[in-house]
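# Structure assessment
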Amino acid sequence: MSHTENQGAKFLADVHFYYDKAAAFTNLSDGLLEQIKTANSIYEMHFPVKNGDKIEVIQGIRVQHSHHKLPAKGGIRFADTVDIEEVKALATLMTFKCAVVDVPFGGAKGGVCINPRNYSVEMLEKITRRYTTELIKKNLIGPGIDVPAPDYGTSGREMAWIADTYAAFKYEETDALACVTGKPLGQGGIQGRTEATGLGIYYGLRETLNHAELISGTGLSLGMEGKRIVLQGLGNVGYHAGYFCQKEGKAKIVGIAEMEGGIYNPNGLDIDEVFAFRKKTGSILNFPGAENFSNSAAVLELDCDILIPAALENQIHAGNASNIKAKVIGEGANGPCTKEAEEILQLKGVIIVPDLYLNAGGVTVSYFEWLKNLSHVRFGRMEKRLEELNFRRMTETIERLTGKSIDAKDKKLLIHGAEEKDLVYSGLEETMVNAFHEITAIKLGNKNIPDLRTAAFISAITKIAASYTTMGVWP
Ligand code: GLU
């Protein structure tokens, strides 16, 4: 589905629809529900940049959906589809996403209306730095105010430019690096942030497929092993989701859709090989052993067990939902299913694992990065060696008491002290598993709650409302 001008408005209307549907299950007052739903502040800017001998006027947006907790948090999207409604919808989702996984931030989102493929790296740097400056001018960025991160069309490179621009203006701020997350490791980033969203998707889908009651109606067997996956999008989110489902979950990636088209091989595609092939040839098409699809949307309708849309919103809609064969849809992207699609899919017994839960791994590890930046110390630095010393003593005691010696390989594993990456992965897994159980308990605890999305929204709304009442605003 091409992204027309109305797509952003459609996306926002759907997010509001999901919110209202969930809000009806709470007994909160209308006023409080309205406050939690409404975007708190919206800023649109237009700034000039020189491109060769021409001046281009660039549109940038930042929406802070909720200030119930600060800083506000959410990525910055570079795409020519960016408009106010779209960014509002994305910022709204961020509020509920953070609440679902207990990340203590309000939701926000930014967008720059450009197709980054049409710009040189120098131009992208100029645009990113100017966008950051516009945010600084209006006090819309800062470690305790609003903390951007990567999103569609941006990565660590843009975050490094943002951090550097901010630090140049705020040279007196000790915590300046905490103004943005998703930074490269050398510039205050954290191990595990790049793959965090994809890894979180894997944890979430693994939990879903291991939940007998939840998947009982789908006809699928328990567990991820051997399940056939179709992926839409081989960007950061799609690639890592596929990577972990294949390598850790032992699932089979049978189809991949990208902008240039799609490929399918019922015997399985090695995600790393496809990734390397695309890097080399510029396209996934003609990957050895796979069938080509010139229409990439057709790949979504191929036979599979799990479909992971990890690109943009509104990809599964009234026009194609009835053709979807997957039994589980894992929303890697934000808003990939429209509400009409959701209704059709629900009648078919398809389980949708919703975006506000499933792709929350990114912001979860952003939270860890922010904590690292504020504490100015790498996770694990203080305790790693002490842990190793204690584990070593323990293995030696076991050896002494049993009179047997532990195999050298096992010993190495046993005495390994937690490094930053181990702690990040562990914190992310804990977060995704906990949130999953909270959501499923809500869903299974009330027969009238129709789906996991509604349950996730109920979980989030309840937590947000509690934070308003403790503030004494709503006695
Ligand atoms: N852009 C990501 C999202 O949609 C990450 C946001 C963040 O880390 O702040 O969740």
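Residues numbered from 1 in each chain as written. Predicted model: local features only at pLDDT ≥ 70, side-chain atom pairs only at ≥ 80, totals over all residues. Heavy atoms only, no water.

Attention now moves to the overall build of the chain. Secondary structure summary: the chain contains 16 helices and 13 strands in total. For the chain, the spread of C-alpha atoms along the principal axes amounts to about 75 × 60 × 55 Å. A burial count over the chain gives 56% of its 475 residues as buried. Considering only intrachain contacts with a sequence separation of at least 6, the fraction spanning at least 24 residues in the chain is 69%. Accessible surface for the chain amounts to roughly 20,200 Å². Of this, 53% is attributable to carbon and sulfur atoms. Charge centroids of the chain, computed over 52 positive and 58 negative side chains, lie 3 Å from each other. (Helix = DSSP H or I, 4+ residues; strand = E, 2+ residues; numbered from the N terminus. Buried < 20%, exposed > 50% of the residue type's maximum accessible area, 1.4 Å probe, protein only. Contact = heavy atoms within 4.5 Å. Areas by Shrake-Rupley, 256 points an atom, 1.4 Å probe, with all protein chains shown as cover. Lys, Arg positive; Asp, Glu negative; His and termini not counted. Charge placed at Lys NZ, Arg CZ, Asp CG, Glu CD.)

Take the packing of helix H1 (residues 7-23) against helix H10 (residues 339-347) next. Remark: H1 packs on H10, axes separated minimally by 9 Å, with the N-to-C direction vectors making an angle of 55 degrees. With respect to each other, H1 and H10 are oriented oblique. Where H1 approaches H10, its residues Lys10, Asp14, Phe17, Tyr18 and Lys21 are matched on the opposing element by Lys339, Glu340, Glu342 and Glu343. Its residues assigned to classes, the contact of H1 with H10 comprises two nonpolar, no polar and seven charged. (Axes fitted to C-alpha atoms, helices over the stretch in contact; angles between N-to-C directions. Parallel < 35°, antiparallel > 145°, perpendicular 65-115°, else oblique. Nonpolar A, V, L, I, M, F, W, Y, C, P; charged D, E, K, R; others polar.)

Attention now goes to the site of the ligand. Neighbouring residues of the ligand: 14 residues in total, closest Lys73, Lys97, Lys109, Asp151 and Ser366. One nitrogen or oxygen atom from the side chain of Lys73 is found 2.8 Å from an oxygen atom belonging to the ligand. Side-chain polar atom of Arg193 to an oxygen atom of the ligand: 3.1 Å apart, as the coordinates give it. In the complex, 95% of the free accessible area of the ligand, which totals 300 Å², lies under the protein chains. Listed by contribution, the elements that provide at least two residues to the shell around the ligand are helix H3 (84-100) and helix H12 (361-375). Examining the composition of the shell around the ligand, we find that three residues originate from one element, H12, more than from any other. For the shell around the ligand, the residue count by class is four nonpolar, five polar and five charged. (Near = heavy atom within 4 Å. Polar contact = N/O pair within 3.5 Å; in protein donor to acceptor, adjacent residues only side chain to side chain.)

For the structure on display, the rule yields 14 aromatic pairs. Ring geometry for Phe17 against Tyr18: centres 6.1 Å apart, planes inclined by 70 degrees, an arrangement best described as edge-to-face. Of the residues examined, Phe17 reaches a relative accessible area of 30% and is grouped as partly exposed. Overall, Tyr18 belongs to the buried group, its relative accessible area being 6%. Site record: aromatic cluster; members linked through ring pairs are Tyr239, Tyr243, Phe244, Phe275 and Tyr425. Of note, Lys339 hangs over the ring of Phe17, and the distance from its end group to the ring centre comes to 5.1 Å. (Phe/Tyr/Trp six-rings, centres within 6.5 Å; stacked < 30°, edge-to-face > 60°. Lys NZ or Arg CZ within 6 Å of the ring centre and 35° of its normal.)

On to the nonpolar core. Ile36, Phe96, Val100, Leu205, Ile256, Ile308 and Tyr357 are the most contacted members of the largest nonpolar core, which has 85 residues in total. Of all the elements, helix H16 (residues 452-470) adds the most residues to this core, at 10 residues. With residues up to four places along the chain from it excluded, the contact list for Ile36 reads Tyr19, His65, Phe96, Ile461, Ile464, Ala465 and Tyr468. With 26 residues, the next largest nonpolar core counts Phe78, Met123, Met159 and Ile162 among its residues. (Core = buried A, V, L, I, M, F, W, Y, C linked by side-chain atoms within 4.5 Å.)

Attention now goes to helix H15 (residues 420-445). With 26 residues, H15 extends 37 Å between its outermost C-alpha atoms, agreeing within 8% with the 38 Å of an ideal straight helix rising 1.5 Å per residue. Taken together, the buried positions of H15 are Glu420, Val424, Gly427, Leu428, Thr431, Met432, Val433, Ala435, Phe436, Ile439 and Thr440. (Expected span 1.5 Å × (residues − 1).)

Considering every residue of the chain, the mean pLDDT works out to 96; 98% of them sit at 70 or more. Here residues 1-5 is modelled with pLDDT under 50, and outside its nearest four sequence neighbours on either side it reaches 10 contacts, counting other chains as well. (pLDDT = per-residue confidence, 0-100.)

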